[in-house]
Amino acid sequence: MGFTLNQISPAGAAEIIGFDCSNPAPDDFAALRQAFRDHPILCIRDQALTPKAQASFARQWGSLESQDRSAYCHPDDNDVLILSNERRPDGSQVGIVDAGDFWHSDSSHMTDPCRITMLYSVKNPLQGGDTEFINTNQVFAALPDALKRQIEGRNAVHHVSKTLNPRVTISAEREAAVDYYKRREKETKPVVQPMVRTHPETGVPTLYISPRFTIAIEDMDDAQAQPLLDELFRFMFSNPAWRYTHKWKDGDFVFWDNACLNHMAGGGYHYPDTRRMHRTTVAGERPFYRAA
Ligand SMILES: [Fe+2]
């Protein structure tokens, strides 16, 4: 193996040193795939990635999702989405601001959610801008049996619109966001997902709900479902050992497995202190639950 791997968190994060994503050797790429099965958060250090090179690397992991915010796609490659609080001279936004500001697994509001999210750090702010992760395999493994029995084999309801979800708020820094979410509320159907998801490769069960997208439980009255969701979310955040905070360095290229993690953008930076990330997302399969 031509690169070095260092575990950086017991919550499943490792850093990779000495790997060039622009030109990976086939043997190294196979070793990287195995590292990703063992560590669902990988940070490849010291990369210099053009949007085309990032998209080309990402395509080696599966087909890429088309981005639904075409205004913020990178002009050099439409599969790369710009996340940024930068502004052009006319005041317009260069990228999506405050993306992912509540705990979630990417696109769980879609029938076939994103499997791998890849973020390349182009510019870090002077302060803030961390990305936080929770290993939901570890959360589920520690869940009391009585709670496991209540949710195994059940489905939760996920929806993209923040206007339907009292657990989240809409950032004031995001242009036209209220109109966007009101439109999505009307246009988008909710999706049900297994509350306990079996990992498609490892078979490990995970707690597959999030404060951002999970708004109800299928076939359960809200009077019972909302307190149960509250209890599960309290438990999810009850142990710092399941959590990893990534403090970005210039040139970091981080990718993670949405089938066993929740994550959140930590925020804490403000224009004119700017942050810019380039995101690519690898499509996933329909989540399922298989009894152990
Ligand atoms: Fe996200």
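Remember, predicted model here, so these are calculated numbers, not experimental data.

Caption draft 1: Quick peek at the overall build of the protein. Assigned secondary structure in the protein consists of six helices and 16 strands. Relative to a compact globule of 292 residues, whose C-alpha radius of gyration would be 19 Å, the protein shows 19 Å and is just as compact. For the C-alpha atoms alone, the extent of the protein along its principal axes is close to 50 × 50 × 30 Å. Counting across all 292 residues of the protein, residues that qualify as buried make up 41%. Put simply, 79% of the contacts in the protein that link residues at least 6 apart link residues at least 24 apart.

Caption draft 2: Looking closely at helix 1 (residues 26-38). The terminal C-alpha atoms of helix 1, which comprises 13 residues, lie 19 Å apart, in line with the 18 Å expected from a rise of 1.5 Å per residue. Of all 13 residues making up helix 1, only one are buried, and the element is barely covered by its neighbours.

Caption draft 3: View of unusual backbone geometry. With an omega dihedral of 15°, the bond running from Tyr-271 to Pro-272 counts as a cis peptide bond. Residues other than glycine seldom take positive phi values, yet Asp-46 does so here, at roughly 60°. Looking at where Asp-46 falls in the secondary structure, it is placed in the loop between strand 3 (41-44) and helix 2 (51-59).

Caption draft 4: Broad picture of the pairing of strand 5 (residues 77-84). The element strand 5 is extensively covered by neighbouring structure, given that six of its eight residues are classed as buried. Bridge count between strand 4 (residues 73-74) and strand 5: two bridges; the pairing is antiparallel. Within strand 5, the position partnered with His-74 by the bridge is Asp-77.

Caption draft 5: The arrangement of the pairing of strand 16 (residues 276-282) in detail. Of all the seven residues making up strand 16, six are buried; the element is thus mostly covered by neighbouring parts of the structure. As defined by bridge partners, strand 5 adjoins strand 16 across four bridges and the pair is classed as antiparallel. Residue Ile-82 lies in a different strand from strand 16, and its bridge partner there is His-278.

Caption draft 6: Looking closely at the sheet that holds strand 1 (residues 4-9). Pairing in this open sheet of eight strands is mixed, and the strands run 1-2-3-14-6-16-5-4 from one edge to the other. Of all the strands in the sheet, just strand 1 and strand 4 have a single pairing partner and so form its edges. Taken together, the five bridges between strand 6 (residues 116-123) and strand 14 (residues 253-257) define a ladder with antiparallel strand orientation. The partner of Met-118 across the bridge, within strand 14, is Phe-255. Packing of helix 2 onto the sheet brings it into contact with strand 4, strand 5, strand 6 and strand 16, and relative to strand 5 it is tilted by some 110°.

Caption draft 7: Summary view of the nonpolar core. Counting 56 residues, the largest nonpolar core has Ile-41, Phe-133, Leu-207 and Val-254 as its most contacted members. The contacts of Val-254, once residues within four sequence positions are left out, are Ile-41, Leu-42, Cys-43, Leu-119 and His-246.

Caption draft 8: Representation of the environment of Arg-33. Of note, Arg-33 is situated in helix 1. Given 11 C-beta atoms within a 10 Å radius, Arg-33 is considered exposed. Here the alpha-carbon distance between Arg-33 and Trp-61, two residues 28 residues apart in the chain, equals 8.7 Å.

Caption draft 9: Broad picture of the sheet that holds strand 7 (residues 131-135). Taken in spatial order, the three strands make up an open sheet running 13-7-15, and their pairing is antiparallel. With partners counted over all chains shown, the strands left at the sheet margins are strand 13 (243-246) and strand 15 (261-265), one partner each. Going from strand to strand, the sheet's axes swing by 20° on average, the running direction of each strand aside. Across five bridges, strand 7 lies against strand 15 in antiparallel orientation. Looking at the pairing, Glu-132 lines up with Met-264 of strand 15.

Parameters and conventions
Residues numbered from 1 in each chain as written. Predicted model: local features only at pLDDT ≥ 70, side-chain atom pairs only at ≥ 80, totals over all residues. Helix = DSSP H or I, 4+ residues; strand = E, 2+ residues; numbered from the N terminus. Rg over C-alpha atoms; globule rule 2.2 N^0.38 Å. Buried ≥ 20, exposed ≤ 12 C-beta atoms within 10 Å, placed from the backbone. Contact = placed C-beta atoms within 7 Å. Expected span 1.5 Å × (residues − 1). Pairing = 2+ DSSP bridges. Axes fitted to C-alpha atoms, helices over the stretch in contact; angles between N-to-C directions. Core = buried A, V, L, I, M, F, W, Y, C linked by C-beta atoms within 7 Å.

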